[in-house]
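A structural walkthrough
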Amino acid sequence: MCDQTFLVNVFGSCDKCFKQRALRPVFKKSQQLSYCSTCAEIMATDGLHENETLASLKSEAESLKGKLEEERAKLHDVELHQVAERVEALGQFVMKTRRTLKGHGNKVLCMDWCKDKRRIVSSSQDGKVIVWDSFTTNKEHAVTMPCTWVMACAYAPSGCAIACGGLDNKCSVYPLTFDKNESMAAKKKSVAMHTNYLSACSFTNSDMQILTASGDGTCALWDVESGQLLQSFHGHGADVLCLDLAPSETGNTFVSGGCDKKSMVWDMRSGQCVQAFETHESDVNSVRYYPSGDAFASGSDDATCRLYDLRADREVAIYSKESIIFGASSVDFSLSGRLLFAGYNDYTINVWDVLKGARVSILFGHENRVSTLRVSPDGTAFCSGSWDHTLRVWA
Amino acid sequence: MAAGPASHGGCPRAQMPHLSKMERVVVSMQDPDQGVKMRSQRLLITVIPHAVTGSDVVEWLIQKYCISEEEALHLGVLLVRHGYLYALREPRSPGLQLDETLYRFQTPYFWTSTLWPAAELDYAIYLAKKNIRKQGALVDHEKEHYDQLHRKINHTWDLVVMQAREQLRAAKQRRKGDRLVIACQEQTYWLVNRPPPGVPSVLEQGPGRGSGMARRVQMTKNTDFYKQEIECCTKALGRIRVKSSVCLEAYLKFSSQHRPHDPIMSGCLPSNPWITDDDTYWAMNAPNVAAPTKLRVERWGFSFRELLADPVGRANFMDFLRKEFSAENLSFWEACEELRHGGQAQIPTLVDSVYQQFLAPGAARWVNIDSQTMERTLEGLRQPHRYVLEDAQLHIYMLMKKDSYPRFLKSDMYKGLLAEAMILPETKRRVFPFMWKPRHSSLSPALPPASASVEPVAAAGGPGGAEGEA
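Residues numbered from 1 in each chain as written. Chains lettered and ligands numbered in written order. Predicted model: local features only at pLDDT ≥ 70, side-chain atom pairs only at ≥ 80, totals over all residues. Heavy atoms only, no water.

Here chain A is partitioned into domain 1 (8-45) and domain 2 (94-394). The C-alpha centroid of domain 2 of chain A is placed 54 Å from the C-alpha centroid of domain 1 of chain A. (Domains from an automatic or database assignment.)

Structure representation (structure tokens):
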């Protein structure tokens, strides 16, 4: 005689249809519920349905991307270097280090120029943020952040404040004061709050709004005075590493680049992604608009810099050389947009002819990777910061 | 994320693309036909084959990549620093010697990308071997590591010593040449993975990129993610695109137009402050200078945006508009800008003041907007927000751009400004390196206006670490 096992059924009201049935335990998102057999069946097939939808969505996305590339290619009737053939080649190019700023005790991670064309703010791994008059090389202010790896810093348009942040997941604004009795840390204002490290920050056209990019995959726009989140930008599939505001009087857009190899252009007002480009083969470390605002350049770990045109909606140039193996960490244009300066992880700075696509010059000097590079507001020089603890101004 | 003993955390090879590229270079260097010339190193009675000199490596790089000697040497040094090349003889400097020193290529087994992250246990065995082989062979930082590891993995220390002894015994079976090579290879590997103090680690990537401190985020590619991608793509497909030829021509025009204004491309008059230590250029081009330079006035003609961006240009344009009795347009535009970029708390008051001044029927400075836009704007004013005046602002902007701006450029006022504007003479570069000229400091924008007459706390130009021309 065989044993018969009886399934002990609990009778009660089903958690889904509320009918009085024999219930069985069911797990949904690690929460235990009791469903009747009919509802349990439905849930099982729902799961299947969701998986099918995921696969079909993915293939739909892929085919749309393919179609998009086709459309973009239709209007591509000429290459940049072909158009640039009638432009005269650049002559001998000489740029030297004109100032070396020593004072950071560890890797310099980020820097920004003040609108007065000579002051800069720089931040480093040891938490120090220093404001320099780089013309005289004097340090004017110094703040120690409560965290290490201060990866982002920015100068306010008025010149009266700086913003910085990093592994503390926040962006803080410090008003600059010369009053010896006041410590800058006392007046610090915590503006942005992310759920992962802060990778980039920038003031918009005034001291009152800050745009941030974070390792949590989002960008956000904040009101400085209240710390209120005005708009958030979702869409990157991984850490966002850089951002740049468009130089436009009428528009409200900015571009961001991330570890998902994408560069995305956003509308600040609606929070929507307006355009996206995915041609890099590795993380996009730096993005910068062309001075006219119609294009932007990006530097990536795949050792290339690329130029994307916003009206043509496509990549229009690649700046690469077989001998350049290390990733580009930071890019910026000269004032006329003819030259693209790019700092690389192999300690060098390469200068590219934007129109002809050729490398104009290679600058040596830093003793560790170049982490940040910005051209001064009036285009007279550019400043590079490096993991060798120094900043250099080149002209 | 595995919380392993490795100090650099796990990092998939894909996140370090420069390593695979370096490996390809090294592989092609070892190609029997196209590679670097191989020599043999003679050490007393042992002969070690497949060695190369630093100069051969540099020469090969110059030929292969058409680069300068400086760049080739730099690349060679990086190959050594990343452990792909090692010198056979001590002392092993971190550079690439261009003399008779011979180098060998690291075996793929020890390549950074293959064996990374380096395990503590392996390092302990390596140090133990070194210690056993010759007492006192450990350098200071190695001694420290050794003691640390001894404390940390004390429970497996017998294993460590046993392994060390076994490896040394096995090594004795080999020929002297092989033994030497293997020892070099291992040492090179550990120089990269446990650099001595003062030598920066080439493996450090920064947070979020494999150091494990801030774990990188990978969005779950769920239905929402794909739905968003699909939406983005569909919108993108509907975009109006411009032909490449048109877009690219625009760059040529922009670059050539701005070239004389680009100090790096064309220099600047009287001189570039960074090069000559003379900041006259900045003084002459100060934001609100009374007499703008010719280049500056010319630039106002490039685009309406450039005119508005320059405070002097904008002020002159305002004067022009006053003459045409349409100055309220520019004032309205400025007020809208203030709203758009202002603080959140000021929005209601600003909107109200703009309405009273410019939009209300019978307002003192009423702006002429088309009825549709006006209606929409007034409707939106019921619930004021940052962008409520955007339509009206754009309308007025376009009006000024298409109408007032071209007239301004043709006006006598502008022509007069162009004629009066200065062209500064060039100052010759100082050629006396020993006559040090003090650099004047400028007032920091962060100083409150009241103290403008007082000497700034930031002292006038001192020698503080400044470097002249490199």
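With that out of the way, let us pick up the interface of chain B and chain A. Facing 119 residues of chain B, the contacting portion of chain A comprises 135 residues. Taking both partners together, chain B and chain A bury about 10,800 Å²; carbon and sulfur atoms supply 59% of that area. In this assembly, chain B and chain A are joined by nine salt bridges. With a closest N to O distance of 3.0 Å, B:Glu249 and A:Arg86 form a salt bridge. Where chain B meets chain A, there are 40 residue pairs in polar contact (both at pLDDT 80 or more). In terms of residue count, helix 9 (residues 223-237) of chain B provides more of the side of chain B that touches chain A than any other element does, 14 residues in total. Of the residues belonging to the side of chain B that touches chain A, the class tally is 55 nonpolar, 33 polar and 31 charged. (Contact = heavy atoms within 4.5 Å. Buried area = accessible area lost by both parts, 1.4 Å probe. Salt bridge = Lys/Arg side-chain N within 4 Å of Asp/Glu carboxyl O. Polar contact = N/O pair within 3.5 Å; in protein donor to acceptor, adjacent residues only side chain to side chain. Helix = DSSP H or I, 4+ residues; strand = E, 2+ residues; numbered from the N terminus. Nonpolar A, V, L, I, M, F, W, Y, C, P; charged D, E, K, R; others polar.)

The subject of this paragraph is the sheet that holds strand 26 (residues 339-344) of chain A. All names here are of chain A. In space, the four strands of this open sheet follow the order 25-26-27-28, with antiparallel pairing throughout. Since the sheet does not close on itself, it has two edges, and those belong to strand 25 (328-333) and strand 28 (359-363), each with one partner. The average angle at which neighbouring strand axes cross in this sheet is 20°, direction not considered. Bridge count for strand 27 (residues 349-353) against strand 28 is four bridges, and the pairing is antiparallel. In the strand pairing of strand 28, Trp352 is matched with Arg359. (Pairing = 2+ DSSP bridges. Axes fitted to C-alpha atoms, helices over the stretch in contact; angles between N-to-C directions.)

With that settled, consider the UniProt feature "domain: RGS" (unreviewed entry) in chain B. Residues annotated by UniProt as "domain: RGS" (unreviewed entry) correspond here to residues 303-418 of chain B. In residues 303-418 of chain B, the share of helix is 73% and the share of strand is 0%. The end C-alpha atoms are 16 Å apart. (UniProt positions renumbered as here; feature names shortened; annotations may be inferred.)

Here we take up the sheet that holds strand 22 (residues 295-300) of chain A. Residues and elements named next belong to chain A. The strand order 21-22-23-24 describes an open sheet built from four strands, whose pairing is antiparallel. The open sheet is flanked by strand 21 (284-289) and strand 24 (314-319), the only strands paired with a single partner. Within the sheet, the average angular offset between the axes of one strand and its neighbour, ignoring direction, is 25°.

Attention shifts here to the layout of surface pockets. All names here are of chain B. The computed volume of the second largest pocket comes to approximately 1,200 Å³. Counting residues per element, the lining of the second largest pocket draws most heavily on helix 8 (residues 176-193), at ten residues. Per-class residue counts for the lining of the second largest pocket are 19 nonpolar, four polar and 13 charged. The residues that make up the lining of the second largest pocket include at least three from each of domain 1 (19-114) and domain 2 (117-201). (1 Å grid on protein atoms, 1.4 Å probe; cavity = no way out; pocket = protein on both sides within 12 Å on 5 of 7 lines; lining within 4 Å. Points joined across faces, edges and corners; volume = space filled by probe spheres on them.)

In this section: the confidence of the model for chain A. With 94% of its residues at a pLDDT of at least 70, chain A reaches an overall mean of 91. Scored below 50 in pLDDT, residues 1-6 of chain A makes zero contacts in the model with residues more than four places away or belonging to other chains. (pLDDT = per-residue confidence, 0-100.)

Turning to a nonpolar patch on the surface, a few remarks are in order. A cluster of nonpolar residues, B:Leu121, B:Leu159 and B:Met162, forms a patch on the protein surface that exposes about 270 Å² of accessible area. One can find B:Leu121 in helix 5 (residues 120-133). (Patch = residues over 30% accessible without salt bridge, like charges linked within 9 Å, V, L, I, M, F, W, Y side chains within 5 Å. Areas by Shrake-Rupley, 256 points an atom, 1.4 Å probe, with all protein chains shown as cover.)

Tallied over the entire structure, the rule returns 39 salt bridges over all chains. Notably, a salt bridge pairs A:Arg99 with B:Asp277, separated by 3.1 Å at the nearest N-O pair. Remark: B:Asp277 occurs in the loop between helix 12 (273-276) and helix 13 (280-284) and A:Arg99 occurs in strand 4 (residues 97-102); the pair is interchain, linking two chains. Like B:Asp277, A:Arg99 is buried. A:Asp133 serves as the salt-bridge partner of A:Arg118, at 2.9 Å between the closest nitrogen and oxygen. (Buried < 20%, exposed > 50% of the residue type's maximum accessible area, 1.4 Å probe, protein only.)

What follows covers the nonpolar core. Residues and elements named next belong to chain B. Residues Phe304, Phe317, Leu330, Phe332, Leu359, Leu389 and Met400 are the most contacted members of the largest nonpolar core, which totals 38 residues. Secondary structure elements with two or more residues in this core: helix 15 (304-309), helix 16 (311-323), helix 17 (327-341), helix 18 (347-359), helix 20 (390-410) and helix 21 (412-420). Looking at this core element by element, the count peaks at seven residues for helix 17. When sequence neighbours within four positions are dropped, the list of residues in contact with Phe317 reads Phe304, Leu307, Leu308, Leu330, Met400, Ser404, Tyr405 and Phe408. (Core = buried A, V, L, I, M, F, W, Y, C linked by side-chain atoms within 4.5 Å.)

Moving on to the packing of aromatic side chains. Residue and element names in this part refer to chain A. Inspection of the entire model under this criterion finds 36 aromatic pairs over all chains. Between Trp149 and Trp387 the ring centres are 6.1 Å apart and the planes differ by 70°, which places this aromatic pair in the edge-to-face class. Placement of the pair is Trp149 in the loop between strand 8 (138-144) and strand 9 (152-155) and Trp387 in the loop between strand 30 (382-386) and strand 31 (390-394), with a sequence separation of 238 residues. According to the relative accessible area criterion, Trp149 is buried, its value standing at 4%. (Phe/Tyr/Trp six-rings, centres within 6.5 Å; stacked < 30°, edge-to-face > 60°.)

Let us now look at unusual backbone geometry. Across residues other than glycine, the phi torsion is negative in most instances, and most of the peptide bonds are trans. Looking along the chain, the bond that leaves B:Leu269 and enters B:Pro270 is cis, with omega of 0°. Tracing the chain through its elements places B:Pro270 in the loop between helix 11 (263-266) and helix 12. In this model, A:Phe18 sits at a positive phi of 65°, which is unusual for a non-glycine residue. Even without a glycine there, the phi angle at A:Asp313 is positive, about 60°. Relative to the helices and strands, A:Asp313 is located in the loop between strand 23 (305-309) and strand 24.

Bringing empty space enclosed by the protein into the picture now. In the structure shown here, the tally under the stated rule is five cavities of 30 Å³ or more. Of the voids in this model, the largest cavity is the one considered here, and its volume is about 80 Å³. Around the largest cavity sit A:Thr204, A:Asn205, A:Leu245, A:Ala246, A:Ser248, A:Gly251, A:Asn252, A:Thr253, A:Met268, B:Arg340 and B:His341, which together line it. Grouping the constituent residues of the lining of the largest cavity by class yields three nonpolar, seven polar and one charged. Roughly 70 Å³ of internal volume is contained in the second largest cavity.

Here the domain parsing of chain B yields domain 1 (19-114), domain 2 (117-201) and domain 3 (286-420). Computed over C-alpha atoms, the centres of domain 1 of chain B and domain 3 of chain B are 64 Å apart.

Attention shifts here to the packing of helix 16 of chain B against helix 20 of chain B. Residues and elements named next belong to chain B. Closest axis-to-axis distance for the helix 16/helix 20 pair is 10 Å, and the angle between their directions is 95°. By the angle between their directions, the pair helix 16 and helix 20 is classed as roughly perpendicular. Contacts from Asn316, Phe317, Phe320 and Leu321 of helix 16 reach helix 20 at Met400, Ser404, Tyr405, Arg407 and Phe408. Of the residues belonging to the contact of helix 16 with helix 20, the class tally is six nonpolar, two polar and one charged. (Parallel < 35°, antiparallel > 145°, perpendicular 65-115°, else oblique.)

Turning next to the side chain of B:Asn193. Residue and element names in this part refer to chain B. Mapped onto the elements, Asn193 comes out in helix 8. You can call Asn193 buried: its relative accessible area is 2%. Side-chain polar atoms of Asn193 contact the backbone oxygen of Tyr189, separated by 3.0 Å.

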